[in-house]
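What follows is the residue order along each chain.
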Amino acid sequence: MSVWIYPGSFDPITLGHENIIARGAKLCDTLYVAVLENHSKHPTFTTDEKIELIKECTSHMPNVVVECFSGLLADYAKQKDADAILRGIRNTGDYEYEHNMSQLNKKLNSNIETVFVCAEPELACISSSSVKEIAKLGGDFSWMVNKNIYNKLKDYINRRK
Ligand code: PNS
């Protein structure tokens with residue numbers, strides 16, 4: 001039984017994340033999508049909201065489990081007896097950062113491998129922060145997130161106007 005972890009802040013989950021989850025879930029038996037708690041002091045969505053949104057987007061994938069974690073990812077991976085951490089790579093900047101993180105995680109937990117999946121070209125420019133910026137400034141972000149998230153983010157922004 002292979003267990004993989006796809007960690008992140010997911011504030012909010014984007015179509016880029018969803019694509020990596022769908023591709024990763026085909027490569028392992030169980031994929032934990034793990035939301036980092038308290039990653040930023042000012043997240044747009046609470047951890048519970050993020051988990052709820054990710055569950056809605058992944059409900060058609062039976063081997064995907066959505067949870068939160070705190071502390072070191074390497075320790076969470078040990079707790080889950082995981083074989084690998086899954087990360088998406090959009091560009092060379094991501095690669096440099098992720099390469100370093102994978103080495104740190106390997107030092108902290110020698111049993112863990114990091115598996116990198118390259119983003120689909122049409123999704124490679126999407127990030128949670130660009131979604132929020134475009135949404136706040138009134139641009140079209142419907143091509144960046146799932147319809148449900150689009151509506152929730154629109155509501156969220158309208159409530160804060
Ligand atoms: O979606 P993100 O923000 O790129 O995800 C980053 C994340 C959550 C994977 C990373 O910040 C993380 O693993 N944080 C937990 C703390 C940790 O283990 N850090 C690595 C050693 S410095």
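As the structure is a computational prediction, the values presented were derived from the model and not from experiment. (Residues numbered from 1 in each chain as written. Predicted model: local features only at pLDDT ≥ 70, side-chain atom pairs only at ≥ 80, totals over all residues. Heavy atoms only, no water.)

1. Describing the overall build of the chain
Right, so step 1: On a plain count of helices and strands, the chain comes out with six helices and five strands.
Right, so step 2: Along the chain, from the amino end to the carboxyl end, the secondary structure elements read β-α-β-α-β-α-β-α-β-α-α.
Right, so step 3: Here the chain has a C-alpha radius of gyration of 16 Å; the compact-globule value for 161 residues is 15 Å, and the two agree.
Right, so step 4: Across its three principal directions, the C-alpha atoms of the chain cover 50 × 30 × 30 Å.
Right, so step 5: In the chain, buried positions account for 46% of the 161 residues.
Right, so step 6: Taking the intrachain contacts of the chain between residues at least 6 apart in sequence as the baseline, contacts between residues at least 24 apart amount to 73%.
Right, so step 7: Total accessible area on the chain stands at roughly 9,000 Å², and carbon and sulfur atoms take up 51% of it. (Helix = DSSP H or I, 4+ residues; strand = E, 2+ residues; numbered from the N terminus. Rg over C-alpha atoms; globule rule 2.2 N^0.38 Å. Buried < 20%, exposed > 50% of the residue type's maximum accessible area, 1.4 Å probe, protein only. Contact = heavy atoms within 4.5 Å. Areas by Shrake-Rupley, 256 points an atom, 1.4 Å probe, with all protein chains shown as cover.)

2. Here we look at the nonpolar core
Where a protein is soluble and globular, its nonpolar side chains tend to be buried together.
Right, so step 1: Core analysis: the biggest nonpolar cluster contains 34 residues, and Tyr 6, Ile 21, Leu 31, Val 33, Val 64 and Phe 141 have the highest contact counts within it.
Right, so step 2: What Phe 141 contacts, discounting residues up to four positions off in sequence, is Val 131, Ile 134, Ala 135, Tyr 150, Leu 153 and Lys 154.
Right, so step 3: Within the second largest apolar cluster, 12 residues are counted, among which are Val 3, Leu 36, Tyr 76 and Ile 112. (Core = buried A, V, L, I, M, F, W, Y, C linked by side-chain atoms within 4.5 Å.)

3. Quick notes on the pairing of strand S2 (residues 30–36)
Right, so step 1: Counted residue by residue, S2 has seven buried out of seven residues, so it is predominantly covered.
Right, so step 2: Taking every second residue as pointing to the same face, both faces of S2 are buried, with Thr 30, Tyr 32, Ala 34 and Leu 36 on one and Leu 31, Val 33 and Val 35 on the other.
Right, so step 3: Across six bridges, strand S1 (residues 3–8) lies against S2 in parallel orientation. Paired with Trp 4 across the two strands is Leu 31, which belongs to S2.
Right, so step 4: Crossover S1 to S2 through helix H1 (residues 15–25) is right-handed.
Right, so step 5: Judged from the six bridges that link them, S2 and strand S3 (residues 64–69) form a sheet pairing that is parallel. Following the sheet pairing, Val 33 is matched in S3 by Val 66. (Pairing = 2+ DSSP bridges. Right-handed = clockwise from strand over helix to strand, strands pointing away.)

4. A short note on the sheet that holds strand S5 (residues 113–118)
Pairing between sheet strands relies on hydrogen bonds along the backbone, with the strands arranged either parallel or antiparallel.
Right, so step 1: With parallel pairing, five strands are arranged side by side in an open sheet as S3-S2-S1-S4-S5. The outermost strands of the open sheet, each flanked by one partner alone, are S3 and S5. Here the average twist between neighbouring strands, direction ignored, is 30°.
Right, so step 2: Sheet topology note: the S1/strand S4 (residues 84–89) ladder contains two bridges and is parallel. Note that in S4 the partner of Ile 5 across the bridge is Ile 85.
Right, so step 3: Along the sheet face, helix H4 (residues 92–108) touches S4 and S5 and points at about 170° away from the line of S4. (Axes fitted to C-alpha atoms, helices over the stretch in contact; angles between N-to-C directions.)

5. Digging into H4
Right, so step 1: Counted at 1.5 Å a residue, the expected span for H4 with its 17 residues is 24 Å, and the 24 Å between its end C-alpha atoms agrees.
Right, so step 2: Looking at H4, one finds that the buried residues are Asp 94, Glu 98, Ser 102 and Asn 105. The arc that holds the buried residues of H4, viewed along the axis, is 65°, so those residues lie on one side. Projecting away from the buried face of H4 at angles above 90 degrees are the exposed residues Thr 92, Glu 96 and Lys 107.
Right, so step 3: Packing partners of the buried residues in H4 comprise helix H3 (73–79), S4 and S5. (Expected span 1.5 Å × (residues − 1). Arc of directions from axis to C-beta.)

6. Observations regarding the pattern of salt bridges
Right, so step 1: In total, this model carries seven salt bridges according to the counting rule given.
Right, so step 2: Here Glu 67 ties to Lys 80 by a salt bridge, and the two come within 3.1 Å at their closest N and O atoms. Taken as a pair, Glu 67 in strand S3 and Lys 80 in the loop between H3 and S4 lie far apart in primary sequence, 13 residues in all.
Right, so step 3: Here Asp 94 ties to Arg 90 by a salt bridge, and the two come within 2.8 Å at their closest N and O atoms.
Right, so step 4: Arg 90 gets classed as partly exposed once you look at its relative accessible area, which sits at 36%. (Salt bridge = Lys/Arg side-chain N within 4 Å of Asp/Glu carboxyl O.)

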